[in-house]
Amino acid sequence: MAHPVDLRDAEHRAQRYWTIDGLPELLMGALWIVWGAAFLAGEALPRGPAWNVYWMFTPAVLAFSGVAAVWTIRQLKARITFPRTGYVEWKEPSRPQRLLTAAVAILTAMLLVVIISTGRARGVESAAAPALGVILSLGFLVASVRQRAPYLLALAAVALTLAVVFGTVARGWYSVNWMFIALGAAAVVVGTIRLRIFLRKHPLEPAR
């Protein structure tokens, strides 16, 4: 007799397939580095025809790069992940991990209140980078809980640290670009480490 299909398990398999190998963090980090560098390069150009042409096409190219990154991740997973595992067992977060998540959430909320309060006095632009860092930190925090991925707490901590650093520097949108580069580099490091661990634990079996 055929067994009924567990739709929740099927959904979890897709999530496990997406987060097991570090490729999303690796590609996302590389993409953020490209974005930050592209905006810094554009700001360095002198105002004139070259500046106008650059900013006419660059935003569209960057937007397309986000779509291209998702396609690239899927192609890499088809070549790297699926032949080795298909999917990996889902692990529930431990009690210490949940307590750490709650502590980070409380600290992040308190810091956001401080940033908003000081940002009003110093201007919106000066608060852009720290506010972005806090938002990204919250995003990593939520993702770590929903995806049962405690390693994302490291990126949440990095984003929170950058929010404090750039909040002190207060270089406006210039700091936002450097935040993308710095956080992108951290994501590349995390993704590379996880990919190496994945490849070591799941060697590719020779074809029969």
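Before reading on, note that the structure itself is shown above.
These notes cover the structure that comes with them. From a predicted model like this one, the values you see are computed outputs, not experimental measurements.

**Observations regarding the overall build of the protein**
Thinking step 1. Within the protein one finds seven helices and zero strands.
Thinking step 2. Of the regular secondary structure in the protein, the N- to C-terminal order runs α-α-α-α-α-α-α.
Thinking step 3. Buried positions account for 37% of the 208 residues belonging to the protein.
Thinking step 4. In the protein, once contacts between residues fewer than 6 apart in sequence are set aside, the share between residues at least 24 apart is 78%.
Thinking step 5. Accessible surface computed for the protein: about 13,000 Å², of which carbon and sulfur atoms make up 69%.

**Thoughts on helix α6 (residues 152–169)**
Thinking step 1. For α6, spanning 18 residues, the distance from its first C-alpha to its last is 26 Å, which sits close to the expected 26 Å at 1.5 Å a residue.
Thinking step 2. Along α6, the residues that are buried comprise L152, L153, L155, A156, A159, L160, L162, A163, F166 and G167.

**Considering the packing of aromatic side chains**
Thinking step 1. The final tally for this structure, using the stated rule, is six aromatic pairs.
Thinking step 2. With 6.0 Å between their ring centres and 70° between their planes, W32 and F180 make a pair best called edge-to-face. Separated by 148 residues along the polypeptide, W32 in helix α2 (residues 23–44) and F180 in helix α7 (residues 173–201) bring together distant segments of the chain. Here the two residues W32 and F180 agree in accessibility, since each one is buried.
Thinking step 3. Seen from their ring centres, Y54 and W55 are 5.4 Å apart, and the 85° between their planes marks the pair as edge-to-face.
Thinking step 4. Judged by relative accessible area, which is 22%, Y54 ranks as partly exposed.
Thinking step 5. The exposure class of W55 is buried, given its relative accessible area of 18%.
Thinking step 6. In textbook terms, an aromatic cluster arises when at least three aromatic residues are bridged by ring pairs, as seen for W32, W35, F140 and F180.
Thinking step 7. In this arrangement the basic side chain of R194 is found over the ring face of Y151, its NZ or CZ atom lying 3.7 Å from the centre.

**A look at the nonpolar core**
Thinking step 1. Counting 21 residues, the largest nonpolar core has W32, F140, L152, L155 and L183 as its most contacted members.
Thinking step 2. Elements with a minimum of two residues in this core: α5 (128–146), α6 and α7.
Thinking step 3. The element best represented in this core is α7, accounting for seven residues.
Thinking step 4. For F140, the contacting residues outside a window of four places in its chain are M28, W32, L152, L155, A156 and L183.

**Thoughts on the pattern of salt bridges**
Between side chains of opposite charge, a pair can form as their charged atoms come close.
Thinking step 1. If you walk through the whole model with that rule in mind, you get two salt bridges.
Thinking step 2. Among the ionic pairs, D21 bridges to K77, the shortest N-O distance being 2.8 Å. Highlighted residues: D21 in the loop between α1 (7–19) and α2 and K77 in helix α3 (residues 49–80), separated in sequence by 56 residues.
Thinking step 3. The buried category is assigned to K77, whose relative accessible area is 0%.

**Overview of the layout of surface pockets**
Thinking step 1. In this structure, the second largest pocket occupies an estimated 280 Å³ of space.
Thinking step 2. Elements that contribute at least two residues to the lining of the second largest pocket include exactly α1, α2, α3 and α5.
Thinking step 3. When residues in the lining of the second largest pocket are grouped by element, the largest group, five residues, is from α2.
Thinking step 4. Each residue belonging to the lining of the second largest pocket can be placed in one class, and the counts come to 12 nonpolar, three polar and one charged.

**Observations regarding the side chain of S65**
Thinking step 1. Structurally, S65 is set in helix α3.
Thinking step 2. Owing to a relative accessible area of 16%, S65 belongs among the buried residues under this scheme.

**Comments concerning the side chain of S137**
Thinking step 1. Structurally, S137 can be placed in helix α5.
Thinking step 2. Separated by 2.9 Å, the side chain of S137 and the backbone oxygen of A156 make a polar contact.

**Re the packing of α5 against α6**
Geometrically, a packed helix pair is captured by the angle between its two axes and the distance between the axes.
Thinking step 1. Where α5 meets α6, the closest approach of the two axes is 8 Å, and the angle between their N-to-C directions is 170°. The angle between α5 and α6 falls in the class roughly antiparallel. Listed contacts from α6 to A129, P130, G133, V134, L136, S137, F140, L141, A143 and S144 of α5 are L152, L153, L155, A156, A159, L160, A163, F166 and G167.
Thinking step 2. Classifying every residue of the contact of α5 with α6 gives 15 nonpolar, four polar and no charged.

**Here's the deal with a nonpolar patch on the surface**
Thinking step 1. A surface patch of nonpolar side chains, about 420 Å² in accessible area, is lined by V53, M56, F57 and V61.
Thinking step 2. Examined against the element boundaries, V53 turns out to sit in helix α3.

Cut-offs used in this document
- Residues numbered from 1 in each chain as written.
- Predicted model: local features only at pLDDT ≥ 70, side-chain atom pairs only at ≥ 80, totals over all residues.
- Heavy atoms only, no water.
- Helix = DSSP H or I, 4+ residues; strand = E, 2+ residues; numbered from the N terminus.
- Buried < 20%, exposed > 50% of the residue type's maximum accessible area, 1.4 Å probe, protein only.
- Contact = heavy atoms within 4.5 Å.
- Areas by Shrake-Rupley, 256 points an atom, 1.4 Å probe, with all protein chains shown as cover.
- Expected span 1.5 Å × (residues − 1).
- Phe/Tyr/Trp six-rings, centres within 6.5 Å; stacked < 30°, edge-to-face > 60°.
- Lys NZ or Arg CZ within 6 Å of the ring centre and 35° of its normal.
- Core = buried A, V, L, I, M, F, W, Y, C linked by side-chain atoms within 4.5 Å.
- Salt bridge = Lys/Arg side-chain N within 4 Å of Asp/Glu carboxyl O.
- 1 Å grid on protein atoms, 1.4 Å probe; cavity = no way out; pocket = protein on both sides within 12 Å on 5 of 7 lines; lining within 4 Å.
- Points joined across faces, edges and corners; volume = space filled by probe spheres on them.
- Nonpolar A, V, L, I, M, F, W, Y, C, P; charged D, E, K, R; others polar.
- Polar contact = N/O pair within 3.5 Å; in protein donor to acceptor, adjacent residues only side chain to side chain.
- Axes fitted to C-alpha atoms, helices over the stretch in contact; angles between N-to-C directions.
- Parallel < 35°, antiparallel > 145°, perpendicular 65-115°, else oblique.
- Patch = residues over 30% accessible without salt bridge, like charges linked within 9 Å, V, L, I, M, F, W, Y side chains within 5 Å.

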